[in-house]
Amino acid sequence: AAALLLSLAGIFVNRNLTAIAALAIGGVVLLAAWFGRRSRWPVIAIVAALAAGAVLVPPLRQRVGQAVGMVRRGEWDRLTTYRTGAWAAAVQMVRDRPLVGFGPGTYAAEFTPHRLVAEIRNRRRYVNPLLTSSYSEAHCDYLQAFAETGVPGGVAVLAAAAALFAAVGRRTAKGDAHRIEAAILLGLLAAGAAAALTWFPMQRPISGVPLLLAAGRSWRLAARLPGDSESR
């Protein structure tokens, strides 16, 4: 509860849309896994709370208004905080070495040359006017996995994540001794998976360590037969 309050306070101050989306998706998955078919009204309550916050809270209203304006004007670079260049560089890295990638941790060194090649290939500039004009991460953990480990490595990451979600999801069935814990873990992992689409939670200890702990506990639960008790 304390961690949730701290998270909500941080989101309110930063007004980060990625964090808001990750929290909402994680909350919806948690409620769906915990309450099953009865989760309809709690999910509606979350959506209503987000909508009310976007309308009634001035900082959030301003942030959402800016995002809507960018969509209408087609300013996709600004909308994504100029992540398109980072994504294009990662795709170019996959093109250059599709089987083995460039190796773990090499994205930062390979970003600029591959961004330039992507500009030539796509005939457009990926210019970031902000101070953060060079990227150490692809701002998408999935793309970075493909860029650094190749297509086989990226596919293995996606397959492992899908298998883990499916295994933990089965432990949320009624009658399972670990149903509530599995639902909480599933919500945490869903929030991390959503954030990884446009951010890099697995590249930062403050987010990577909790997600790895949640994944480790989830693997442990998935390896046990439903109904098994666990000695403390």
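Residues numbered from 1 in each chain as written. Predicted model: local features only at pLDDT ≥ 70, side-chain atom pairs only at ≥ 80, totals over all residues. Heavy atoms only, no water.

*Asks:* Report on a nonpolar patch on the surface, specifying residues and quantitative values.
*Replies:* A grouping of Leu4, Leu5, Leu8 and Leu23 is seen on the molecular surface, where their side chains present a nonpolar patch of about 360 Å² in accessible area. It is helix 1 (residues 2-14) that contributes the most residues to the nonpolar patch, three residues altogether. The topology assignment puts Leu5 in helix 1. Residue classification places Leu5 among the exposed residues on the basis of a relative accessible area of 59%. (Patch = residues over 30% accessible without salt bridge, like charges linked within 9 Å, V, L, I, M, F, W, Y side chains within 5 Å. Areas by Shrake-Rupley, 256 points an atom, 1.4 Å probe, with all protein chains shown as cover. Salt bridge = Lys/Arg side-chain N within 4 Å of Asp/Glu carboxyl O. Helix = DSSP H or I, 4+ residues; strand = E, 2+ residues; numbered from the N terminus. Buried < 20%, exposed > 50% of the residue type's maximum accessible area, 1.4 Å probe, protein only.)

*Asks:* Any chance you could break down the packing of aromatic side chains for me, citing the residues and the numbers?
*Replies:* Evaluation of the coordinates by the stated rule reveals four aromatic pairs. Plain terms: the ring middles of Tyr107 and Phe111 are 6.0 Å apart, the flat faces sit at 40° to each other, and that makes the pair tilted. Of this pair, Tyr107 and Phe111 both sit in helix 7 (residues 107-122), four residues apart, roughly one helical turn. One exposure class covers both Tyr107 and Phe111, and it is buried. Linked through ring pairs, Tyr107, Phe111 and Tyr135 together constitute an aromatic cluster. (Phe/Tyr/Trp six-rings, centres within 6.5 Å; stacked < 30°, edge-to-face > 60°.)

So, to be careful, I would describe these as geometric facts and stop short of saying anything about function.
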